[in-house]
Amino acid sequence: MSLFGSLDISGSGIDASQAWLNTTAGNIANMNDVSSTSQAAYGEQTPVFTPVGVAGQVGDGVTVASIQEGDTTGIVQFDPTSPVADAQGNVRVPDVQLGSQMVDMIQAQFDFQANTASFADAKTAYQSALTLGT
Amino acid sequence: MIAPIPPIQPLPAPPASGAAAAGSGGDFSGSITNALDQVQQAQNTASTAESQAATGQGSVTDAMIQATQASLDTQVTVALVNKGVAAFTDIMNMQF
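Cut-offs used in this document
- Residues numbered from 1 in each chain as written.
- Chains lettered and ligands numbered in written order.
- Predicted model: local features only at pLDDT ≥ 70, side-chain atom pairs only at ≥ 80, totals over all residues.
- Heavy atoms only, no water.
- Phe/Tyr/Trp six-rings, centres within 6.5 Å; stacked < 30°, edge-to-face > 60°.
- Helix = DSSP H or I, 4+ residues; strand = E, 2+ residues; numbered from the N terminus.
- Buried < 20%, exposed > 50% of the residue type's maximum accessible area, 1.4 Å probe, protein only.
- Axes fitted to C-alpha atoms, helices over the stretch in contact; angles between N-to-C directions.
- Parallel < 35°, antiparallel > 145°, perpendicular 65-115°, else oblique.
- Contact = heavy atoms within 4.5 Å.
- Nonpolar A, V, L, I, M, F, W, Y, C, P; charged D, E, K, R; others polar.
- Buried area = accessible area lost by both parts, 1.4 Å probe.
- Salt bridge = Lys/Arg side-chain N within 4 Å of Asp/Glu carboxyl O.
- Polar contact = N/O pair within 3.5 Å; in protein donor to acceptor, adjacent residues only side chain to side chain.
- Lys, Arg positive; Asp, Glu negative; His and termini not counted.
- Core = buried A, V, L, I, M, F, W, Y, C linked by side-chain atoms within 4.5 Å.
- Patch = residues over 30% accessible without salt bridge, like charges linked within 9 Å, V, L, I, M, F, W, Y side chains within 5 Å.
- Areas by Shrake-Rupley, 256 points an atom, 1.4 Å probe, with all protein chains shown as cover.

All names here are of chain A. A complete count under the given rule lists 2 aromatic pairs over all chains for this structure. Measuring from ring centre to ring centre gives 4.8 Å for Phe4 and Tyr126, while their planes differ by 65°; the resulting arrangement is edge-to-face. Taken together, the residues span a long stretch of sequence, with Phe4 in the segment before helix H1 (5-29) and Tyr126 in helix H2 (residues 98-130) at a distance of 122 residues. Overall, Phe4 belongs to the buried group, its relative accessible area being 5%.

All right, on to the packing of H2(A) against helix H3 (residues 60-92) of chain B then. Axis separation between H2(A) and H3(B) bottoms out at 10 Å; the angle between their running directions is 10°. By the criterion of interaxial angle, the relationship of H2(A) to H3(B) is roughly parallel. Residues Phe112(A), Phe119(A), Lys123(A), Tyr126(A), Gln127(A) and Leu130(A) of H2(A) form the contact with H3(B), whose own contacting residues are Thr61(B), Ile65(B), Thr68(B), Leu72(B), Gln75(B), Val76(B) and Ala79(B). Grouping the amino acids of the contact of H2(A) with H3(B) by side-chain chemistry returns 8 nonpolar, 4 polar and 1 charged.

On to the interface of chain B and chain A. At the junction of the two partners, chain B supplies 12 residues and chain A supplies 17 residues. Taken over both partners, the interface formed by chain B and chain A buries close to 1,200 Å², and the fraction arising from carbon and sulfur atoms is 68%. It is Ile65(B), Gln69(B) and Leu72(B) in chain B that bury the most area against chain A; as a group they hold 42% of the surface buried on that side. Run the count over chain B and chain A and you get 0 salt bridges. Our count for the contact surface shared by chain B and chain A stands at 3 residue pairs in polar contact (both at pLDDT 80 or more). For the side of chain B that touches chain A, a count of residues per class yields 4 nonpolar, 5 polar and 3 charged.

In this structure, Asp73(B) sits in helix H3. Summary of buried charges: Asp73(B) has no salt-bridge partner, and the nearest side chain of opposite charge, Lys123(A), is 13 Å away.

So, on to the nonpolar core. Of all hydrophobic cores here, the largest spans 6 residues; its members are Phe4(A), Leu7(A), Phe119(A), Ala122(A), Ile65(B) and Leu72(B). At the level of secondary structure, the elements contributing two or more residues to this core comprise H2 of chain A together with H3 of chain B. For Ala122(A), the contacting residues outside a window of four places in its chain are Ser6(A) and Leu7(A).

The next point concerns the environment of Val52(A). Residue and element names in this part refer to chain A. Note that Val52 resides in the loop between strand S2 (45-51) and strand S3 (62-69). Sequence separation between Val52 and Ile106 is 54 residues; the distance between their C-alpha atoms is 25 Å. Discounting residues that sit within four places of it in the chain, Val52 has contacts with Gly59, Asp60, Gly61, Val62 and Thr63.

Another point: a nonpolar patch on the surface. On the surface, a cluster of nonpolar side chains totalling about 440 Å² of accessible area is made up of Ile91(B), Met94(B) and Phe96(B). Among the secondary structure elements, Met94(B) is positioned in the segment after H3.

See below:
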């Protein structure tokens, strides 16, 4: 760990929340995807966060271990005008709820803001340490 | 009968204060030079991260974090240099 370890730790948190924002944006962007019933639908993506470092010691922050893909079964809808509709007129759309995605995005945004606030506080603390003895 | 006078023992060697000081941490200019080298390295890392962020190859947050670390490194080194120079000036102004 470098001289200013907490800055790196806050940076890893910022990177993690940015990944969360990216997956949420991807989910919203793919919300209206339409695929034929013979193919899988778009699966809702969720990042999996794991801590970095040895247990029992001060860690090195957080990392995105993997991007979990949700249910690709989706929802079968009746849409005979779609060019990918099957013989019965059905298509497969992703099971992504806009409401829960927006809530996830607000959570990721607050996560980002909390990490930047912790970063700024650590910087202020380091700078105030330099004024010791003056 | 008078006991013979023992020969004079040689004085114990004085403690090598200079060598011990050099071994424990080096001189002031050497440590400041090392610190400035590391500051230079941090600033090089920061400028690399900034150019990567500007060209879209890195993230802006990484560049800002590297720049903040380089800035803090510089502030620490400057504070230490100022303290050392102040101590030197105090000794130079000593009145006898």
